[in-house]
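Geometric and topological summary
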Amino acid sequence: MRTDREAPAWVRDVTPGEVARAAWVAAEAFQGEAFTNWLFDLSRERVRAQLARTFARTVARKWEAGDSLLVAVAGDEIVGAALVHVPGQPARSPRWRRALGSVPHLGRTLSLARWIRWRRILSTLKAMQPPPDLRKPHATLVGLAVAPVHQGTGIARLLLDSAHARVEVEADLEGIYLFTGDARNRDIYTRFGYRLVREASRGAGFTVYHMFRPHEAQAG
Ligand SMILES: CC(C)(COP(=O)(O)OP(=O)(O)OC[C@H]1O[C@@H](n2cnc3c(N)ncnc32)[C@H](O)[C@@H]1OP(=O)(O)O)[C@@H](O)C(=O)NCCC(=O)NCCS
């Protein structure tokens with residue numbers, strides 16, 4: 001693992017040819033994420049691989065639906081990604097084509113159902129709801145991920161700075177919203193100007209943190 005704090009990476013919009021790779025980097029990073037491990041039984045390698053493929057496909061579909069996918073690139077390698085939803089962005093492919101594109105993946109998605117901790121999902125659904133009084137309209141940070149071997153080198157900072165710059169040009173937006181199930185991530189986001197707007201605990205010590213970063217916020 002790298003220990004230097006200098007990030008030898010830069011951030012830009014993904015190109016169409018890179019979407020699958022960027023989605024895969026995000027999928028791999030999320031294997032260790034708290035929410036994923038709360039909702040899925042990932043003790044088997046086969047399930048982890050299947051979840052990563054489904055997760056990567058979901059990221060790609062969101063990009064096709066119009067979300068922004070920013071990538072951190074070091075050399076010619078994608079080392080991190082941020083998926084940002086900005087309301088009103090046009091889709092990159094028509095809805096019918098996106099729906100059709102999902103059909104070959106249905107079997108894989110359905111086979112994951114066995115490994116979902118359904119009782120936890122049901123008990124967490126309410127906790128995942130954003131607070132009703134969030135300032136609107138707002139962008140949403142759907143996902144932020146750095147490849148495990150590159151974590152701790154400042155790449156999340158580069159991605160977050162770019163994501164914030166991306167949404168701040170949208171003058172009609174009030175800010176950017178996210179939720180996380182990880183107290184460490186909550187602390188990271190706090191340093192970047194996010195404020196905790198709702199904290200909801202569910203089940204065996206699992207807490208969902210809802211956070212909002214108003215446009216006027218500055219990173220700490
Ligand atoms: C969360 C994640 C994106 C962070 O990526 P990273 O590249 O390791 O983060 P960085 O090295 O850029 O650090 C970001 C900032 O958080 C700070 N930070 C790191 N760990 C921290 C902690 N435990 N508490 C508070 N701040 C912390 C860093 O010091 C840094 O701030 P600085 O630039 O002012 O020093 C990465 O761990 C990841 O991909 N995890 C798996 C997926 C995930 O959980 N995504 C978030 C879902 S909501």
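Here's a quick rundown of the structure. (Residues numbered from 1 in each chain as written. Predicted model: local features only at pLDDT ≥ 70, side-chain atom pairs only at ≥ 80, totals over all residues.)

Side note on the overall build of the chain
Counting its secondary structure elements, the chain contains 8 helices and 7 strands. Each principal axis of the C-alpha distribution contributes one length, and for the chain these read about 45 × 40 × 40 Å. Residue burial in the chain is summarised as follows: out of 220 residues, 31% are buried. (Helix = DSSP H or I, 4+ residues; strand = E, 2+ residues; numbered from the N terminus. Buried ≥ 20, exposed ≤ 12 C-beta atoms within 10 Å, placed from the backbone.)

So, the site of the ligand
Around the ligand, the structure places 21 residues, and the nearest of them are Val146, Gln151, Ala156, Thr180 and Asp187. Going through the elements one at a time, β4 (139-146), α7 (155-168) and α8 (183-191) are the ones with two or more residues in the shell around the ligand. Among the elements that line the shell around the ligand, the one with the most residues is α8, at 5 residues. (Near = placed C-beta within 6 Å.)

Brief notes about α7
Helix length check: α7, at 14 residues, gives a terminal C-alpha distance of 20 Å against a target of 20 Å (1.5 Å per residue), a fit within 8%. Of the positions making up α7, those classed as buried are Ile155, Ala156, Leu158, Leu159, Leu160, Ala163, His164 and Val167. The inward-facing, buried residues of α7 contact β1 (10-13), β2 (68-74), β3 (77-85), β4, β5 (175-180) and α8. (Expected span 1.5 Å × (residues − 1). Contact = placed C-beta atoms within 7 Å.)

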